[in-house]
Amino acid sequence: MKTKMGIEILLVLTVLLLLQSVTPVQAQAGGAAEMVDYSDIDNWICHPDNEIDLCDQDLSATVVHADGSLTIESWPEHPDPAIDCFYVYPTTSLDAQTYSDLKPGRHEELITTITQFAHFKSQCRVFAPIYRQITIQALMSNAGNLAGNDQVNYQDVLLSFQYYLENYNNGRGFVLIGHSQGTSLLIELMRNEIDGKPIQNQLVSAILAGNPVVVPKGQDVGGTFQNIPLCRADNQIGCAINFMSYRDTIPPEGFAIFGRAPNAESEVGCTNPANLADEGPAPLDAYLSNIGEIAAAVAPMPDWTNPRQEITTRFVKVPGLLFGRCVNNETYSYLEMSVNADSSDPRADDIRGDLYQGPAISAAWGLHLIDMTIVQGDLVRVVGEQAKAYQHK
């Protein structure tokens with residue numbers, strides 16, 4: 001059962017994403033905001049020089065097999081990765097001002113970073129700056145003139161990326177990873193600083209989930225980026241992975257927020273991380289959150305098996321349960337998730353991740369909250385293949 005607070009938060013988040021979908025992120029126009037000192041290690045959530053790093057977590061997962069048996073999958077970090085990953089987390093802040101402060105909240109920035117990003121440490125050095133994102137409160141109170149505000153969030157992302165380049169990159173390849181507001185900011189960064197510039201040669205890939213990369217209909221490049229195509233193979237480098245997810249039982253229609261083509265000549269990118277060649281449905285390698293603190297915002301924690309077995313790991317895997325394919329219905333382009341449930345076996349027949357408005361699922365949102373988690377293993381695998389290709393280019 002959803003709590004009253006959980007429902008109120010979801011109503012706010014719905015407005016937030018509606019606004020994000022129509023308001024482009026722009027560079028700060030003249031801005032008097034104080035610059036963040038990214039030489040201060042405290043302004044990074046994950047960083048190689050952090051003595052106690054948020055990405056240094058036990059990321060083991062409990063694998064729930066169809067027969068109800070459980071096994072543990074460990075998750076070792078890479079001892080000497082050849083590439084870097086730079087992550088910008090999505091909208092999470094409940095701070096009561098226009099821009100969030102630089103103190104990440106446990107139930108906001110920190111858990112989100114563990115869930116969406118920490119696994120990439122198996123393939124790359126990880127960098128995740130703290131930035132002053134536009135908060136939920138600001139989007140509610142300043143909806144009328146949000147586009148005219150100075151973009152402090154973009155300033156922070158740009159400054160942190162420049163600091164990374166100047167002090168840690170040393171010519172290494174890098175992957176950009178973002179979701180929702182984080183994706184919008186990375187798209188702007190790529191357009192301003194990378195697309196068509198010499199540094200594009202160091203771009204291994206960009207994972208841009210939960211907000212659209214637009215291309216001319218039937219094409220993989222043009223539109224949002226002039227020189228950075230969509231990824232169509234695991235070993236393709238210098239490309240972008242872009243997707244927004246919905247259930248097959250609740251497809252986007254009407255006022256659905258994500259994946260709508262901006263005009264008749266264009267479409268939104270969809271690249272299925274489990275099958276970049278787009279050869280049909282493929283099993284999804286999901287790392288589903290087993291962190292109970294976020295249950296009020298979506299749905300109660302599930303019993304992963306019947307009868308219930310205790311699971312203590314942060315993540316759960318359900319091999320063979322989830323499948324994904326890209327769908328383009330001329331209006332929306334999106335990653336469709338289907339559930340291969342068997343009511344006769346002891347494993348759970350569904351996963352949580354839908355957002356609610358009152359007692360009902362909000363069809364407009366799709367599976368935005370779990371865009372990254374339902375394909376987390378696939379994304380990490382692809383980055384590993386891209387890292388190999390980059391080293392041998």
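Remember, predicted model here, so these are calculated numbers, not experimental data. (Residues numbered from 1 in each chain as written. Predicted model: local features only at pLDDT ≥ 70, side-chain atom pairs only at ≥ 80, totals over all residues. Heavy atoms only, no water.)

1. Section: the state of the cysteines
What counts is decided by this rule: Defined by distance alone, a disulfide is two cysteine sulfur atoms within 2.5 Å. Strands here are runs of E lasting at least two residues and helices are runs of H or I lasting at least four, both read from the DSSP assignment and numbered beginning at the N terminus. With a 1.4 Å probe rolled over the protein chains alone, any residue whose accessible area is under 20% of its type maximum counts as buried; one over 50% counts as exposed, and the rest are partly exposed.
Following the criterion strictly, the structure yields 4 disulfides and no others. Shown here is the disulfide that connects Cys 85 with Cys 124, its sulfur atoms set 2.1 Å apart. Between Cys 85 and Cys 124 the disulfide shows an S-S torsion of about -100°. By sign, it is left-handed. With Cys 85 in strand 4 (residues 83–88) and Cys 124 in strand 5 (residues 124–129), the pair connects residues that are 39 residues apart, well separated along the chain. An identical accessibility class is assigned to Cys 85 and Cys 124; each is buried. Between Cys 270 and Cys 326 runs a disulfide, and the two sulfur atoms are separated by 2.1 Å. Here Cys 270 and Cys 326 share a disulfide; its torsion about the S-S bond, -85°, makes the bridge left-handed. Of this pair, Cys 270 sits in the loop between strand 11 (266–268) and strand 12 (282–283) while Cys 326 sits in strand 15 (residues 322–328), placing them 56 residues apart in sequence. In terms of burial, Cys 270 and Cys 326 fall into one category: buried. Here the disulfide map of the protein reads 1-2, 3-4, 5-6, 7-8, the bonded cysteines being numbered as they appear in the sequence.

2. Some points on the environment of Ile 257
Locating Ile 257 in the fold gives a position in the loop between strand 10 (245–247) and strand 11. By relative accessible area, Ile 257 is classed as buried at 10%. Ile 257 sits 109 residues away from Gly 366 along the chain, and the two C-alpha atoms are 8.2 Å apart.

3. Comments concerning the sheet that holds strand 3 (residues 70–73)
Cut-off, in case you're wondering: Pairing between strands requires that DSSP locate at least two bridges from one strand to the other.
Read from one edge to the other, the open sheet built from 4 strands follows the order 3-2-14-13, with strand pairing classed as mixed. Edge positions in the open sheet fall to strand 3 and strand 13 (288–289), since each of these has one partner strand only. Alignment of strand 2 (residues 61–64) against strand 3, held across 4 bridges, turns out to be antiparallel. Opposite Thr 62, over in strand 3, you have Ile 72 as the bridge partner.

4. Let's talk about the pattern of salt bridges
Note the threshold: Here, a salt bridge means any side-chain nitrogen of Lys or Arg that lies within 4 Å of a carboxyl oxygen of Asp or Glu.
The tally for this structure, following the rule as stated, stands at 15 salt bridges. Notably, a salt bridge pairs Lys 317 with Asp 285, separated by 2.7 Å at the nearest N-O pair. Residue Lys 317 is found in strand 14 (residues 315–317), and its partner Asp 285 is found in the loop between strand 12 and strand 13; the two are separated by 32 residues along the sequence. Under the relative-accessibility criterion, Asp 285 is labelled partly exposed at 25%. Ionic pairing is found between Glu 385 and Lys 388, a salt bridge with its closest N-O pair at 3.6 Å. Linking Glu 385 with Lys 388, this pair stays in helix 6 (residues 376–391), spanning 3 residues, or about one helical turn. Salt bridges sharing partners connect three or more residues here, namely Glu 73, Asp 285 and Lys 317.

5. Some remarks on helix 6
Residue pairs spaced three or four apart in an α-helix point in one direction, given the helix's 3.6 residues per turn. Going by this rule: Every helix has an expected span of 1.5 Å times one less than the residues it contains.
Here helix 6 spans 23 Å end to end across 16 residues, near enough to the 22 Å set by a 1.5 Å rise per residue. Among all positions of helix 6, only Gln 376, Gly 377, Asp 378, Leu 379, Val 380, Val 382, Val 383, Gly 384, Gln 386, Ala 387 and Tyr 390 are buried.

6. Digging into the side chain of Thr 92
Counted only if it meets this: Contacts were defined at the residue level, with two residues in contact if any of their heavy atoms lie within 4.5 Å.
For Thr 92, the position within the fold is in the loop between strand 4 and helix 2 (106–116). For Thr 92, a relative accessible area of 12% corresponds to the buried category. If we skip the residues at most four places from it in the chain, Thr 92 touches Glu 108, Glu 109, Thr 112 and Gln 133.

7. Regarding the pairing of strand 5
For strand 5, the buried fraction is high: 5 of the 6 residues fall into the buried class. Inspection of the sheet shows strand 4 paired to strand 5 by 4 bridges, in the parallel sense. Each bridged residue has a counterpart across the sheet, and for Asp 84 the counterpart in strand 5 is Arg 125.

8. Comments concerning the packing of helix 4 (residues 152–169) against helix 5 (residues 181–193)
Under the convention used in this document: Interaxial angles span 0 to 180 degrees and are taken between N-to-C directions of axes, which are lines fitted to C-alpha atoms, for helices over the stretch in contact. Geometric relationships in this document are graded by angle, where less than 35 degrees denotes roughly parallel, more than 145 denotes roughly antiparallel, 65 to 115 denotes roughly perpendicular, and other angles denote oblique. The sense of a crossing depends on the near helix, which, turned anticlockwise from the far helix by less than a right angle, makes the crossing left-handed and, turned clockwise, makes it right-handed.
At a minimum axis distance of 10 Å, the contact between helix 4 and helix 5 shows a crossing angle of 60°. Relative to helix 5, helix 4 is oriented oblique. For the element pair helix 4 and helix 5, the recorded crossing hand is right-handed. Contacts between helix 4 and helix 5 pair Asn 153, Tyr 154, Val 157, Leu 158, Phe 161 and Gln 162 from the former with Gln 181, Leu 185, Glu 188, Leu 189, Asn 192 and Glu 193 from the latter.

9. Quick word on the confidence of the model for the protein
Just so we agree on the cut-off: For every residue, the predictor assigns a confidence score, pLDDT, that lies between 0 and 100.
Of the residues in the protein, 86% have a pLDDT of 70 or more, and the chain-wide mean is 87. Counted against residues more than four places away or in other chains, residues 1–31, with its pLDDT under 50, gives 63 contacts. Predicted confidence for residues 143–149 stays below pLDDT 50, and this span has 10 contacts to residues more than four positions away or in other chains.

10. Digging into the environment of Leu 70
As for its position among the elements, Leu 70 is in strand 3. Look at Leu 70 and you get partly exposed, because its relative accessible area is 29%. It is 9.9 Å that separates the C-alpha atoms of Leu 70 and Val 316, two residues lying 246 residues apart in sequence. Excluding residues within four positions of it along the chain, Leu 70 makes contact with Thr 62, Val 63, Val 64, Thr 305, Gln 309, Glu 310 and Ile 311.

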